[in-house]
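Chain by chain, the residues:
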Amino acid sequence: MNIAALPTPYYQDDAVVIYHGDCRDILPLIEPGTIDLVLTDPPYGINLNTDNSRFTAGERGHVAKGRRARANVRPIIDDKREFDPSFLTQYGRDQIIWGWNHYPDKLPRGACLVWMKRNDDAFGSFLSDAELAWMSKGHGVYCRRDLSLLAIAHTRQHPTQKPESLMHWCLSFFPKARMICDPYMGSGTTLRVAKDRGCRAIGIELEERYCEIAAKRMAQTVLPLGELA
């Protein structure tokens, strides 16, 4: 990396570096060829109301039995305006970008990842049954049922935080990628998973409170590969 041009890291260890700032300013400063994979979940441009406690959803649709999901209801920065993720394709050899259905005309042809996040009884009962990601490699459609969101629904520290197991799945498509970048880092799930898999990672986040949360997650003990979900 072009260390002289980059801002002082918010956090850094042997595997991870975190920058507090706008990824549009920071990404161009990273030396070309450094990043193997951009894996990110950017704003969708839908002005999402993150307070899910407004839904009762019926018994089948509850995120967790007997409880409403209200973990972290802060607004998502820049989510009120249309988002164009096409600039992200300039960085890294490959990319996985979540939220493809919100900007299908902004990205070239690629493969589709489908995260089915509800069990059979909950399908069709409450909000989205699945989420989509665009992947730069291939042309197929790949699905994973992962109900791990149930376990973090009331404890997640970012309103759109995704489960670590989902990010393990994403990284499994690129086993040779050694440097992972998440330019919309949020609470640092992508970085945490990359570190656990023995990869290096760069995270960029505009909101400082999430940089702090991610830094604390990075300081946790790395799990042995045999214990990964």
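This one's a predicted model, so the numbers in the text were calculated from it and none came from an experiment.

1. Comments concerning the overall build of the protein
And then number 1: Secondary structure assignment for the protein yields six helices and nine strands.
And then number 2: For the protein, with 229 residues in total, the buried portion stands at 50%.
And then number 3: Once local pairs closer than 6 in sequence are excluded, the contacts in the protein between residues at least 24 apart make up 71%.
And then number 4: Of the accessible surface of the protein, which amounts to about 11,400 Å², a share of 49% is contributed by carbon and sulfur atoms.

2. Thoughts on the side chain of Gln161
And then number 1: Its place among the elements puts Gln161 in the loop between helix H3 (149–152) and helix H4 (164–172).
And then number 2: Among the residues examined, Gln161 registers a relative accessible area of 11% and is labelled buried.
And then number 3: Setting aside residues no more than four positions away along its own chain, Gln161 makes contact with Leu149, Ile152, Arg156, Ser187, Thr189 and Arg217.

3. Looking at the pairing of strand S2 (residues 16–20)
And then number 1: Counting buried residues along S2, four of its five residues qualify, which places the element largely inside the surrounding structure.
And then number 2: With two bridges joining them, strand S1 (residues 11–12) and S2 adopt antiparallel strand pairing. Bridge pairing links Tyr11 to Ile18 in S2.
And then number 3: In sequence, S1 turns back onto S2 through a hairpin of three residues.

4. Section: helix H5 (residues 189–196)
And then number 1: Within H5, eight of the eight residues are buried, leaving the element largely enclosed by the surrounding structure.
And then number 2: Considered for burial, the residues of H5 that qualify are Thr189, Thr190, Leu191, Arg192, Val193, Ala194, Lys195 and Asp196.
And then number 3: One or two positions beyond H5, positive phi appears at Gly198, with a value near 85°.

5. What to know about the nonpolar core
And then number 1: Ile18, Leu27, Leu39, Ile96, Trp98, Ile180 and Ile202 are the most contacted members of the largest nonpolar core, which has 60 residues in total.
And then number 2: Dropping the residues within four chain positions of it, Ile96 is found in contact with Leu37, Val38, Leu39, Thr40, Leu113, Ala133, Trp134, Met135, Cys170 and Phe174.

6. Observations regarding the confidence of the model for the protein
Low pLDDT means the predicted coordinates in that region are not meant to be read closely.
And then number 1: Scored by pLDDT, the protein comes out at a mean of 85, with 78% of its residues at no less than 70.
And then number 2: Low pLDDT, under 50, characterises residues 57–70; the predicted model gives this stretch 28 contacts beyond four residues in sequence or across chains.
And then number 3: Across residues 225–229 the pLDDT falls below 50, and counting only partners more than four positions away or on other chains, this stretch makes eight contacts in the model.

7. Quick word on the environment of Ala5
And then number 1: Residue position: Ala5 is located in the segment before S1.
And then number 2: Separated by 26 residues in the primary sequence, Ala5 and Glu31 have C-alpha atoms spaced 9.7 Å apart.

8. Regarding the pattern of salt bridges
And then number 1: All chains considered together, the criterion is met by twelve salt bridges.
And then number 2: The shortest N-O distance in the salt bridge between Glu131 and Lys162 comes to 3.0 Å. Of this pair, Glu131 sits in strand S6 (residues 130–135) while Lys162 sits in the loop between H3 and H4; the two residues are 31 residues apart in sequence, bridging distant segments of the chain.

9. Brief notes about the pairing of strand S5 (residues 111–116)
The two faces of a sheet get side chains in turn, since along a regular strand they alternate between them.
And then number 1: For S5, the buried fraction is high: five of the six residues fall into the buried class.
And then number 2: Across six bridges, S5 lies against S6 in antiparallel orientation. Looking at the pairing, Cys112 lines up with Trp134 of S6.
And then number 3: Sheet topology note: the S5/strand S7 (residues 141–145) ladder contains five bridges and is parallel. The partner of Trp115 across the bridge, within S7, is Arg144.

10. Observations regarding the environment of Ala194
And then number 1: In this structure, Ala194 sits in helix H5.
And then number 2: If sequence neighbours within four positions are ignored, Ala194 has contacts with Leu171, Ile180, Cys199, Arg200 and Ala201.

The rules behind each value
- Position numbers for residues count from 1 along each chain, tracking the sequence in the order it is written.
- It should be noted that, the model being predicted, local features are given only for residues of pLDDT at least 70 and side-chain atom pairs only at 80 or more, the latter also being counted only at that level, while totals for whole chains, interfaces and linings use all residues.
- Side-chain measures were taken over the full set of non-hydrogen atoms in the model, leaving aside hydrogen atoms and water.
- Helix and strand labels come from DSSP, where a helix needs a run of H or I of at least four residues and a strand needs a run of E of at least two; each type is numbered from the N terminus.
- When a residue's accessible area, from a 1.4 Å probe over protein chains only, is under 20% of the maximum for its type it is buried; when over 50% it is exposed; and in between it is partly exposed.
- The contact criterion used is simple: two residues touch if any of their non-hydrogen atoms lie within 4.5 Å.
- Only the protein chains shown count as cover for residues, with accessible areas throughout obtained via the Shrake-Rupley method and a probe of 1.4 Å.
- By the convention used here, strands pair only if DSSP detects at least 2 bridges between them.
- Buried Ala, Val, Leu, Ile, Met, Phe, Trp, Tyr and Cys residues that are joined via side-chain atoms within 4.5 Å together make up what is termed a nonpolar core.
- For every residue, the pLDDT score states the predictor's confidence, bounded by 0 at the bottom and 100 at the top.
- Each reported salt bridge corresponds to a side-chain nitrogen of Lys or Arg within 4 Å of a carboxyl oxygen of Asp or Glu.

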